[in-house]
Amino acid sequence: MKTVSYSPFNRFFRYILFVGLQLSFTTVSQTTDITTETSSYPWNIYKNVSLSTVEIIKINGYAAETHHVITEDGYILELHRISSSKSGQKPTKNFPVFFHHAFLSSSAGWVLGGANTSLSMQLADDGYDVWLANSRGNTYSRKHVSLNYKQKAYWNFSLHEIGTYDLPAAFDHILMKTNASQLHYIGYSMGTTVFYIMASERPEYQSKIRSQISLAPVAYFSHTRSPIKYIAPYAKMMNIAYQRISNGMVMPQTTMKMIFASTVCGGKMTQKLICQRGIIFFISGSDPQYFNTKLIPLIMGHYPSGTSSMVPEHFAQIKLKDVFGRYDYGPVTNLERYNSTEPPAYDLTSIRVPITLMYGKNDLVADVQDVMRLKSQLPRLMDAVMIDNPYCNHVDFLWSLKVNEHVNDPIKETLRKTDDVNWKYSGPNPPKLKDVLDIGGNVSDGSIGSSGYVNISSSAANVGVNGIVDANANGNVSIDDGGHFNVSNSAGDDVGNSSNVDFGSGGATSGGDVPSDLDYFAKNLRRIIADAMPKSMDRDDDAAVFEREQALQETLLADAIEFVRSVQKKYGPALDWKKSSTSATHHRNAEQVVASPKDAPAR
């Protein structure tokens, strides 16, 4: 076994982490949960991060309903409804509003900020009938008419199924319950992706959408700067691994993660160093000005909430192929499903729904250039709005201190206009100078040919394996790093059924084991952090600040990786299994449950 030595600072930091974790169980936390005014006691934060979406809505004084919807392919989805204002006033607007969450998120993301900043609650106060989605496989939507979520067949879905089955089923249910002819759709990140899939594949539902607002829209990843791009060449291998380990379930909400959220993310020091800089900013982009740090324990307590391992692989295929297309099963199954060895692309130009795009300049996931590419293909674009904050990152659309001014108020204005029964789409708004700014500093990951072949070489901004990463249209992935890692198909075999996993000197053990995501990040940490850091925008000292933050992140994340490894080794298996065994039935006891603020649990 390889021996790892730590510098005195690293050992000191690990000691602080350990002590902080222990103290969190015996002392009163100093972090305030802004969604409730309950008195502080040792497990206060833990109880708050484990609240369900319905409980959060009720604690904020609103009536909440739980609805269950069955999709055409048998998945049972849970929708959460805010059916009246805080004062009890029933909806007065003409059309209901449907919210769809991001990747690995849930309906909770729309209510964590409380009534003062959560758009869903504010729209309820404005007279809208508000509905919150939960995609198949997450914490709330883990039931099926015939399958158990522990079965492999349950997790056989990608973005395509969420878009073509989940959304139509939800739309039909909402329109039936509200007796409305159309609804407004507000999607965030993946919530925009599945909408574009639905609109292009199920055109009969386009007429049921009054307007669509895309927050941090995602259809392309050509210029994404988030570290998620480094995982893309590994996504197929990781899907195979998850198929073997958990039948395809990836990153469910667990007790271990809630404890992490309430302890490490609850302490003042570790909250900022680990959870804010090391996790949220690392993936989404740094916003030193407006990100609401008080929400970090709640965010980490509800995220991630689980999905199929095919979903991140579908995103990875979009990145590697540079095509917004259907899931690639491999040449043989593609031929059976699509009558082509390559999956077809989604036709964005066929979407006739009036769409408003809202995006951020410092969003590492939804890069401005990728948003502009999407914008050019939407025939009924109402507006494209860049958020008025040079550091607006991927999560600021929900959890910024300025979210009312930058996001919620413009959305309300758009809804006010489109909710008028006499409103009709009359063409796009005039282009604005800020929409066509040349945003520099983007990283190219190599070249993408017409065959779909992606070559990321060591001379470019690469994956950092000191060699070559190839992912071609046939589904083969090879990594040359002094040894060889291959996930390939023999002729005529599908990727999903491949068992060819070979590791060289830098790989894992024999017997079909695969390196974990922690191993990968540990190996490539410096390069990943450097590429994820934002470029300085306005202030003179920004460059120096970000350089110091980069060095600090390298130290902190290296230690955090080792810390998580040690905790997972000792406590993880028992806690994760216990949580995953109960989470599917934790918040559902009836087909429809109507709750009022009076029913809020005592705290």
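Starting afresh in each chain, residues are numbered from 1 along the sequence in its written order. Only residues with pLDDT of at least 70 get local features here, since the model is predicted, and only at 80 or more are side-chain atom pairs given and counted; chain-wide, interface and lining totals rely on the full set of residues. Excluding hydrogens and water, the side-chain figures rest on all heavy atoms present in the structure.

Okay, the overall build of the chain next. Secondary structure follows DSSP: runs of H or I at least 4 residues long count as helices, runs of E at least 2 residues long count as strands, and numbering of each begins at the N terminus. Each helix and strand counted, the chain has 18 helices and 18 strands in total. Throughout this description, buried means an accessible area under 20% of the type-specific maximum (1.4 Å probe, protein chains only), exposed means over 50%, and partly exposed covers the range between. Split into buried and exposed, the 603 residues of the chain put 57% on the buried side. Residues count as neighbours in contact if any of their non-hydrogen atoms are within 4.5 Å of one another. Summarising the internal contacts of the chain: among those between residues at least 6 apart in sequence, 74% fall at separations of at least 24. For every accessible area listed, the method is Shrake-Rupley and the probe measures 1.4 Å; residues are considered covered only by the protein chains on display. Of the roughly 24700 Å² of accessible surface on the chain, 53% is carried by carbon and sulfur atoms.

A few words now on helix α16 (residues 403–418). The periodicity of an α-helix, 3.6 residues per turn, causes residues three or four positions apart to be oriented the same way. The span expected for a helix works out to 1.5 Å for each residue beyond the first. Taking 1.5 Å of rise per residue, 16 residues should cover 22 Å, and α16 covers 21 Å from first to last C-alpha, within 8% of that figure. Take the seven residues that end at a residue and the seven that start at it, fit an axis to each, and the angle between those axes is the bend at that residue. A maximum bend of about 25° is found in α16 at D409, where proline P410 lies one to four positions downstream. Buried residues of α16: V403, H406, V407, N408, I411, T414, L415 and T418, and no others.

With that out of the way, let us pick up the side chain of H101. Considering the arrangement of structural elements, one finds H101 in the loop between β3 (97–100) and α4 (119–125). Dropping the residues within four chain positions of it, H101 is found in contact with S106, S107, W110, A133, N134, S135, N138, Y188, M190 and G191.

F98, I186, Y196 and L215 are the most contacted members of the largest nonpolar core, which totals 105 residues. Considering every element that reaches this core, the biggest residue donor is helix α5 (residues 159–178), with eight residues. Apart from residues no more than four positions distant in its own chain, F98 is found in contact with L79, W131, A133, L167, A170, F171, I174, L183, H184, Y185 and I186. Throughout this description, the term nonpolar core refers to a set of buried Ala, Val, Leu, Ile, Met, Phe, Trp, Tyr and Cys residues connected via side-chain atoms within 4.5 Å.

For the pair α5 and helix α12 (residues 310–321), the least separation of the axes is 8 Å and the interaxial angle reads 105°. Between α5 and α12, the angle falls in the class roughly perpendicular. Contacts between α5 and α12 involve L159, H160 and I162 from the first element and V311, H314, F315 and I318 from the second. Of the residues contributing to the contact of α5 with α12, the split by class is five nonpolar, two polar and no charged. Interaxial angle, 0 to 180 degrees, is taken between N-to-C directions of lines fitted to C-alpha atoms, where a helix line uses only the stretch in contact. Roughly parallel means an angle under 35 degrees; roughly antiparallel means over 145; roughly perpendicular covers 65 to 115; every other angle is labelled oblique. Basically, the charged four are Asp, Glu, Lys and Arg, the nonpolar ten are Ala, Val, Leu, Ile, Met, Phe, Trp, Tyr, Cys and Pro, and anything else, Gly included, counts as polar.

Moving on: the packing of aromatic side chains. To pair, rings of Phe, Tyr and Trp, with the six-membered ring standing in for Trp, must have centres within 6.5 Å; the planes then decide the type, stacked if under 30 degrees apart, edge-to-face if over 60, and tilted in the middle. By the definition in use, this model includes 18 aromatic pairs. Ring geometry for F171 versus Y185: centroids 6.1 Å apart, planes at 85°, classification edge-to-face. In this pair, F171 sits in helix α5 while Y185 sits in strand β6 (residues 183–188), placing the two residues 14 residues apart along the sequence. Take F171: its relative accessible area is 0%, and that puts it in the buried class. Taken together, the ring pairs connect F98, F171, Y185, F195, Y196 and Y205 into an aromatic cluster.

The subject of this paragraph is the pattern of salt bridges. Each reported salt bridge corresponds to a side-chain nitrogen of Lys or Arg within 4 Å of a carboxyl oxygen of Asp or Glu. What the rule picks out here adds up to 14 salt bridges. Residue R225 pairs with D367 through a salt bridge whose shortest N-O separation is 3.9 Å. On the criterion of sequence distance, the pair formed by R225 in the loop between β7 (209–215) and α7 (228–231) and D367 in the loop between β10 (355–359) and α14 (368–375) is long-range, its members being 142 residues apart. D367 gets classed as buried once you look at its relative accessible area, which sits at 2%.

Let us look at the confidence of the model for the chain. When the pLDDT values of the chain are averaged, the result is 75; 61% of them are 70 or greater. Of the regions scoring below 50 in pLDDT, residues 575–603 engages in 63 contacts with residues more than four places distant in sequence or in other chains. Scored between 0 and 100, pLDDT is the confidence that the predictor attaches to each residue.

To continue, consider the packing of helix α8 (residues 235–246) against α12. Contact geometry of α8 with α12 gives a least axis separation of 9 Å together with a crossing angle of 170°. As far as their axial angle goes, α12 and α8 are roughly antiparallel. Within the contact between the two elements, α8 uses A235, K236, N239 and Q243 and α12 uses M310, P312, E313 and A316.

Attention shifts here to the environment of M251. The topology assignment puts M251 in the loop between β8 (249–250) and α9 (255–262). Measuring from C-alpha to C-alpha, the distance between M251 and S309 comes to 8.8 Å, with 58 residues separating the pair along the chain.

If you check α12, its first and last C-alpha atoms are 16 Å apart, about what 12 residues at 1.5 Å a residue would give, namely 16 Å. Most of α12 sits inside the fold, with 11 of its 12 residues counted as buried. Within α12 the residues assigned to the buried category are M310, V311, E313, H314, F315, A316, Q317, I318, K319, L320 and K321. Backbone geometry just after α12 places D322 at a positive phi near 60°.

The subject of this paragraph is unusual backbone geometry. With an omega dihedral of 0°, the bond running from Y303 to P304 counts as a cis peptide bond. Looking at where P304 falls in the secondary structure, it is placed in the loop between α11 (296–302) and β9 (307–308). Of note, the phi angle at S189 is positive, near 55°, even though the residue is not glycine. Topologically, S189 is positioned in the loop between β6 and α6 (190–201). Unlike most non-glycine residues, D322 shows phi in positive territory, near 60°.

Residue position: N156 is located in the loop between β5 (143–144) and α5. A relative accessible area of 42% means that N156 is categorised as partly exposed. In this structure, the C-alpha to C-alpha distance between N156 and M310, residues 154 residues apart in sequence, is 7.2 Å. Beyond its immediate sequence surroundings of up to four residues, N156 is in contact with Y75 and M310.

Quick look at the environment of Q206 now. When you line up the elements, Q206 lands in the loop between α6 and β7. Take Q206: its relative accessible area is 11%, and that puts it in the buried class. Separated by 144 residues in sequence, Q206 and S350 place their C-alpha atoms 10.0 Å apart.

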